[in-house]
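# Remarks on the overall topology
Chain by chain, the residues:
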Amino acid sequence: MQSPSFFRRATHLARLAETPEWDILVIGGGATGLGVAVDAATRGYRTLLLERADFAQATSSRSTKLVHGGVRYLAQGNVRLVREALRERGRLLRNAPHLVRRQAFVIPCYHWWEQGWYLLGLKLYDALAGRLSLGSARALSAAETRQHLPGLQTRGLRGGVLYYDGQFDDARLALNLAQTAADHGATVLNYVAVTGLQKDAAGRLGGATVRDAETGREYELRAKVVVNATGVFVDAVRHLDQPAPPLVRPSQGVHVVLPRAFLPGAEALMIPSTPDGRVLFAVPWQGRVVVGTTDTLVAQAATEPRPLAAEIDFILETAGRYLARPPQRADVLSTWAGLRPLAAPTQVGAATKEISRGHKLLVSASGLLTITGGKWTTYRQMAEDVVDRARQLGALAVQPCSTAELPIHGFVPTGSAAQPAEAADPLATYGSEAAAVRDLLRENPAWAEELIVGFSGIQAQVVWAARHEMARTVEDVLARRLRLLFLDARAAQAAAPVVARLLAAELGLSETWQQQQLKAFRALAAGYGLP
């Protein structure tokens, strides 16, 4: 694995100017694009990934934090998608154990027929996972269910069903994928936007025009294949190529974060059927409880989608039926919205359950390769399919995919002495780099101070993010490197001045820059409160 200094923006920006032609140019720094970059780089292709904002800034940092096969899709009869996702779930736990872990879920049962029905479905779920199963589902008595889910509404409780799925930190996995791609020779940059596509006289796509957001400098790049992996924004890139009907209809998913006291146990709550046919989760995550999600079609994609009041009310009311203490709006610590790139055009108002969660590849007349749809859990398989097709389009040398067994940056073998302690250690998600983060304290012991009381993040993590994780803004740090904005919006605002000061010192920026950053972050964080 490369040293941390290898993943520095200045290094990768220099490569951008020096490389005459790329084999594969990937547009988009979310889960799919980063997966494509990892796959392409490990096959030895000259790979460039460009993200117009920060890595995982949009959909890929706003998931329910689950690596799962999708019990809901099994109920819909989509066995192929569930089997694929369960296989990929197992691979993620094996390849990134510092970020992905097994999570127990309990479905409480209040009617006589529920336990047998749900247990039957979850036994099939386990069977589809095969040798990558995380554990067998089993029935629980009412007493066992109460023990596993302290904080549950127990009136009328008949029992429950326990099963296992995966949980992860989505934004940090995205960052580690960017680092993995770089470890294998890819050039990876955030805050570089593609502003145009270049074609030859025959109309064949051969490159792109891009702009560095920080310096304003423009570059003209040549590439054998251009991959459009921009999620809910794929249609905007397709329009740079040629006029085309919409390929994606965004669906908004909202999450609400509550104090851990609402669900103080280690197990997560799964509500299998809500009044409008959705599935709702309440999942312990980083000392809080994440509750979600909704599934609402929207007319167009927004860079910073906002939760609707009705969506928040739906989550609180539904969760309140299952929790001993129904949550109120005053209890909410943070709330966020993410957009899913559903790979099928439809009319506003159509049922989202009718839209495929699988992924689709589309090649335009000029050769632009677009990937859309899918989900975090299947990012690796999506990437493999994309690079297989890109190899054909670019007449690249045939190389096998090796990512199914590829350790992801930060990997620490289970049981290794170098493996940080679980949850109690705020640096556990850094995996093999945790010791290097701690070493910063020798340079400046003051960096051991907490960013804010009640949050385990320390100042050294901000310095590390600036030096070795391409963090460029206060938002980059508090939203995606440390996740505080997603955990507690008010606490994130309180921590912002310290983060701005540390970033400015590391990046050589002025007091004016700090004030601009704080103003922008306050406006952003206000959107993570209640509408």
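Residues numbered from 1 in each chain as written. Predicted model: local features only at pLDDT ≥ 70, side-chain atom pairs only at ≥ 80, totals over all residues. Heavy atoms only, no water.

### Structural notes on the pattern of salt bridges
- Enumeration according to the criterion identifies 34 salt bridges in this entry.
- Between Glu 84 and Arg 80 there is a salt bridge; the shortest N-O distance is 3.8 Å. With a gap of four residues between them, Glu 84 and Arg 80 both fall in helix H4 (residues 79-95), about one helical turn apart.
- Accessibility expressed as a relative area gives 11% for Glu 84, which makes it buried.
- Among the ionic pairs, Glu 475 bridges to Arg 480, the shortest N-O distance being 3.1 Å. Assigned by exposure class, Glu 475 and Arg 480 land together as buried.
- In the salt-bridge network here, residues are joined through shared partners; they are Asp 54, Glu 475, Asp 476, Arg 480 and Arg 481. (Salt bridge = Lys/Arg side-chain N within 4 Å of Asp/Glu carboxyl O. Helix = DSSP H or I, 4+ residues; strand = E, 2+ residues; numbered from the N terminus. Buried < 20%, exposed > 50% of the residue type's maximum accessible area, 1.4 Å probe, protein only.)

### Some points on empty space enclosed by the protein
- Tallying each qualifying case throughout the model produces four cavities of 30 Å³ or more.
- A volume near 140 Å³ is recorded for the largest cavity.
- In terms of lining, the largest cavity is formed by 17 residues, of which the most central are Asn 95, Tyr 379, Arg 380, Thr 403 and Ile 408.
- Here the lining of the largest cavity is composed, by residue class, of seven nonpolar, five polar and five charged. (1 Å grid on protein atoms, 1.4 Å probe; cavity = no way out; pocket = protein on both sides within 12 Å on 5 of 7 lines; lining within 4 Å. Points joined across faces, edges and corners; volume = space filled by probe spheres on them. Nonpolar A, V, L, I, M, F, W, Y, C, P; charged D, E, K, R; others polar.)

### Comments concerning the side chain of Glu 311
- One can find Glu 311 in helix H9 (residues 309-320).
- Separated by 2.9 Å, the side chain of Glu 311 and the backbone nitrogen of Leu 308 make a polar contact. (Polar contact = N/O pair within 3.5 Å; in protein donor to acceptor, adjacent residues only side chain to side chain.)

### Examining the packing of aromatic side chains
- One pass over the structure, following the stated rule, counts ten aromatic pairs.
- Measuring from centroid to centroid gives 6.3 Å for Tyr 125 and Tyr 163, while their planes differ by 85°, and the two rings are edge-to-face. Remark: Tyr 163 occurs in strand E6 (residues 159-168) and Tyr 125 occurs in helix H5 (residues 114-129); sequence separation between them is 38 residues.
- Relative accessible area serves as the criterion here: at 1%, Tyr 125 is assigned to the buried category.
- Measuring from centroid to centroid gives 5.6 Å for Phe 486 and Tyr 528, while their planes differ by 75°, and the two rings are edge-to-face. With Phe 486 in helix H14 (residues 484-487) and Tyr 528 in the segment after helix H16 (511-526), this residue pair connects regions lying 42 residues apart in the sequence.
- Taking the relative accessible area as the measure of exposure, Phe 486 reaches 1% and is therefore buried.
- Sitting over the ring of Tyr 164, Arg 102 keeps its end group 4.0 Å from the ring centre.
- Positioned above the aromatic ring of Tyr 430, the side-chain terminus of Arg 172 is 4.4 Å from the ring centre. (Phe/Tyr/Trp six-rings, centres within 6.5 Å; stacked < 30°, edge-to-face > 60°. Lys NZ or Arg CZ within 6 Å of the ring centre and 35° of its normal.)

### Some words on the confidence of the model for the chain
- Per-residue confidence for the chain gives a mean pLDDT of 92; residues scoring 70 or more make up 94%.
- When the criterion is pLDDT under 50, residues 346-355 qualifies, and its contacts beyond four places in sequence or with other chains add up to 21 contacts.
- Low pLDDT, under 50, characterises residues 417-422; the stretch is placed with eleven contacts to residues that sit more than four places away or in other chains. (pLDDT = per-residue confidence, 0-100. Contact = heavy atoms within 4.5 Å.)

### Comments concerning the nonpolar core
- Within the largest apolar cluster, 79 residues are counted, with the highest numbers of intra-cluster contacts made by Ile 24, Leu 173 and Leu 269.
- Residues within four places of Leu 269 in sequence aside, it is in contact with Val 106, Pro 108, Leu 149, Leu 152, Leu 263, Leu 280, Phe 281, Ala 282, Tyr 322 and Leu 323.
- Counting 47 residues, the second-largest nonpolar core is a separate cluster that includes Ala 434, Trp 447, Ala 460 and Leu 485. (Core = buried A, V, L, I, M, F, W, Y, C linked by side-chain atoms within 4.5 Å.)

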